[in-house]
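Residues per chain, in single letters:
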Amino acid sequence: IRIGTHEQLMGLGTAAMIAGWMTVSTVTGHNAEQAADQKAQAELARMAAQVQALKADTAALKGTVATTAERIEARQQFLDALLTGRAKGNELAGLLPRTTRRVSAEAAANAGVLAPFAALEQKQLALVDKASATAETRIRDAEALIGRLGLNPGRFMAQSFARSSSGLLRTGAGGPFIPASDGAAGADPKFAELFVNWQRVEQLEDAMASLPSFVPAKSYTLTSSYGFRYDPFHGRGAQHAGLDMAGAHGEPIFAAAAGRVVRAERYGAYGNTVDIDHGRGILTRYAHLSSIAVSVGDRVEMGQRIAGMGSTGRSTGTHLHYEVRIDGQPVNPRPFIDSSRYLLAYQQGRMGPELPSAQ
């Protein structure tokens, strides 16, 4: 069969078209595969980024949980040390829980990760409020008792404190309880305020221990008061620096408060005399004694027997001449005698039932 030139040209054209279409199809398929690969890689990259983000979020939440747990534990250690009296002063200041940055706290709360801590934190804060209220009550009670004795509570404070609408605040720097360098700086505000309040409680209660609270004789009759009186020897007006408490010869005489014996000897018109220094400028004197049971330098406890009642020195009969001196000057011992049961009750509430009671 003979094919003409026209037909040959037509056949060649068709073959060329088919070849071109096949080439285009091959290129298009290759590009599609590349696009699919790129899309898959992008999807993998996006998923990897999501995983990394989830890991970061998980780490942040874990950090928040750890931070919260540490904060709760720090608070608990502080409260245990504060309320059990195991630590005081600088050591207690070192246990103050510090404020911390809460990493992703909102996210953690939304996720419920910190839910197990919520109840415990609420209980801790409620305990802080209760402890603060207790501190305020004890401060008021101590100040009232000290004021009842005619003393200024401020004389017993190692630091200055000021009262504001938010409670008791420390003023000034230094002092034995809060170091001037650090102190409560950076501490959780509620706990810092509780710490400062509790320091004042401790200072006032330590001061209460130095106050003459124990009646120095159990069986006695008050025969002469403090202040102006007519002298029993020559009848003229005179100033009497203490109380005369008459009783039986040898009647036990007790230390009115804990302290150190600074005199135990015959002392002029006082006769046999014992002086006890209770610190903070407070001294008690016991005179006209028949016997002395302590020596200079001895540490004595409240209620400890120190002597026997007698009539030595310038005396008309068996009795105890009892003085209370503040900063070297005699003051009326009667308010201390009258407040004895309140002072002892206050100290028993702080120190326990083993403290001797005045009966």
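Here, every reference points to the structure presented above.
## Let's talk about the overall build of the protein
Broken down by element type, the protein carries 7 helices and 15 strands. The burial tally for the protein puts 39% of its 359 residues in the buried class. Total accessible area computed for the protein in this model is approximately 19300 Å², and 56% of it derives from carbon and sulfur atoms.

## Some thoughts on unusual backbone geometry
Backbone geometry at His288 places phi at a positive 65°, although glycine is not the residue there. With respect to the helices and strands, His288 occurs in the loop between β10 (282–287) and β11 (289–292). Exposure remark for His288: the relative accessible area of 5% places this residue in the buried category. In this structure, Asp327 is a non-glycine residue whose phi angle is positive, near 55°. Topologically, Asp327 is positioned in the loop between β14 (319–326) and β15 (329–331).

## A word on the environment of Asp338
Here Asp338 is to be found in helix α6 (residues 334–338). Sequence-wise, Asp338 and Ser213 are 125 residues apart; in three dimensions their C-alpha atoms are separated by 9.3 Å.

## Quick look at the side chain of Arg75
Secondary-structure assignment places Arg75 in helix α1 (residues 5–84). For Arg75, a relative accessible area of 7% puts it in the buried group. Residues contacting Arg75, with those up to four places away along its chain left out, are Pro97, Glu121, Gln124, Leu125, Asp188 and Phe191.

## Focus: the nonpolar core
Ranked by internal contacts, the top residues of the largest apolar core, which has 57 residues, are Phe78, Leu211, Ile253, Tyr286 and Ile306. With 10 residues, helix α5 (residues 189–210) is the largest single contributor of residues to this core.

## Some points on α5
End to end, α5 covers 32 Å across 22 residues, agreeing with the expected 32 Å (1.5 Å per residue, within 8%). Among the 22 residues that make up α5, 17 are buried, leaving the element largely enclosed by the rest of the structure.

## Overview of the sheet that holds strand β13 (residues 305–309)
The strand order β7-β13-β11 describes an open sheet built from 3 strands, whose pairing is antiparallel. Two strands close off the open sheet at either side, each with one partner strand: β7 (252–254) and β11. Pairwise comparison of adjacent strand axes, ignoring direction, gives a mean angle of 35° for this sheet. Relative to β13, β7 runs antiparallel, the two sharing 3 bridges.

Criteria and cut-off values
Residues numbered from 1 in each chain as written. Predicted model: local features only at pLDDT ≥ 70, side-chain atom pairs only at ≥ 80, totals over all residues. Heavy atoms only, no water. Helix = DSSP H or I, 4+ residues; strand = E, 2+ residues; numbered from the N terminus. Buried < 20%, exposed > 50% of the residue type's maximum accessible area, 1.4 Å probe, protein only. Areas by Shrake-Rupley, 256 points an atom, 1.4 Å probe, with all protein chains shown as cover. Contact = heavy atoms within 4.5 Å. Core = buried A, V, L, I, M, F, W, Y, C linked by side-chain atoms within 4.5 Å. Expected span 1.5 Å × (residues − 1). Pairing = 2+ DSSP bridges. Axes fitted to C-alpha atoms, helices over the stretch in contact; angles between N-to-C directions.

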